[in-house]
Amino acid sequence: MDGEAGAGQRASSLFASVVEDRTRVLGADHPDTLVSRHNYAHWVAATGDVATARDLFAAVVKDRTRMLGADHPHTLVSRHSHAVLVGATGDPAWARDLLAAVAADHARALGASHPDTLRIRESLAQWTDAARR
């Protein structure tokens, strides 16, 4: 486990540098910069800093929605990640509500049987159960 934590820390650090470079070269709103910001948030979560990762994902969701649209697959993936981290930081009811919205939007945009839609629905079921406890 310590090796994994170290790898997460290293990846997080590398992605922070990539985000900085892409922002400088491509601009903050460039799709590649947004991908790097999403990946950075993922690796911050992998280090165990879920509250910071949740906030990073919230910012990515806001910017991807503005630049790519609410129904863009990348926006939907970031919304899913953000919702899961909302639950992981102690608010399962809010996570459930966010996931219900992203599941509906994903099904509408990409289809009810799309693999990512099914994954989101699975997360929705998990956080719905957690919210009942």
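The structure under discussion appears in the preceding block.
Analysis parameters
Residues numbered from 1 in each chain as written. Predicted model: local features only at pLDDT ≥ 70, side-chain atom pairs only at ≥ 80, totals over all residues. Heavy atoms only, no water. Salt bridge = Lys/Arg side-chain N within 4 Å of Asp/Glu carboxyl O. Helix = DSSP H or I, 4+ residues; strand = E, 2+ residues; numbered from the N terminus. Axes fitted to C-alpha atoms, helices over the stretch in contact; angles between N-to-C directions. Parallel < 35°, antiparallel > 145°, perpendicular 65-115°, else oblique. Left-handed = near helix turned anticlockwise from the far one by under 90°. Contact = heavy atoms within 4.5 Å. Nonpolar A, V, L, I, M, F, W, Y, C, P; charged D, E, K, R; others polar. Polar contact = N/O pair within 3.5 Å; in protein donor to acceptor, adjacent residues only side chain to side chain. Core = buried A, V, L, I, M, F, W, Y, C linked by side-chain atoms within 4.5 Å. Buried < 20%, exposed > 50% of the residue type's maximum accessible area, 1.4 Å probe, protein only.

Q: Help me get a handle on the pattern of salt bridges, residues and values and all.
A: Scanning the entire structure with this criterion turns up eleven salt bridges. The partner of Arg-79 in a salt bridge is Asp-105, with the nearest N and O atoms 2.9 Å apart. Residue Arg-79 is located in helix H4 (residues 73–88), and its partner Asp-105 is located in helix H5 (residues 92–110); the two are separated by 26 residues in the primary sequence. A salt bridge links Asp-97 to Arg-96; the shortest N-O distance between them is 3.0 Å. What emerges from the salt-bridge pattern is a single network uniting Asp-29, Arg-37, Asp-63 and Arg-66.

Q: Account for the packing of H5 against helix H6 (residues 115–132), naming residues and giving values.
A: Axis separation between H5 and H6 bottoms out at 8 Å; the angle between their running directions is 155°. One finds that H5 runs roughly antiparallel with respect to H6. Where H5 crosses over H6, the two elements pack in a sense that is left-handed. Touching Pro-92, Ala-93, Ala-95, Arg-96, Leu-99, Ala-100, Val-102, Ala-103, His-106 and Ala-107 of H5 are Asp-116, Thr-117, Ile-120, Arg-121, Ser-123, Leu-124, Trp-127, Thr-128, Ala-130 and Ala-131, all from H6. The residue inventory of the contact of H5 with H6, partitioned by class, reads 13 nonpolar, four polar and three charged.

Q: Go over the side chain of Ser-78, please, and point to the residues and values.
A: Mapped onto the secondary structure, Ser-78 falls in helix H4. Side-chain polar atoms of Ser-78 contact the side chain of His-38, separated by 2.8 Å. Discounting chain neighbours no more than four positions away, the residues touching Ser-78 are His-38, Phe-57, Val-60, Val-61 and Arg-64.

Q: Residues and numbers for the nonpolar core, please.
A: If you look at the biggest cluster of nonpolar residues, it comprises eleven residues: Leu-76, Ala-83, Val-86, Ala-95, Leu-99, Val-102, Ala-103, Ile-120, Leu-124, Trp-127 and Ala-130. Looking at this core, the elements that each hand over two or more residues are H4, H5 and H6. If we ignore the near neighbours within four places in the chain, the residues touching Ala-95 are Ala-83, Val-86, Gly-87 and Trp-127. Ranked by size, the runner-up nonpolar core spans five residues in total, among them Ala-41, Val-44, Ala-53 and Leu-85.

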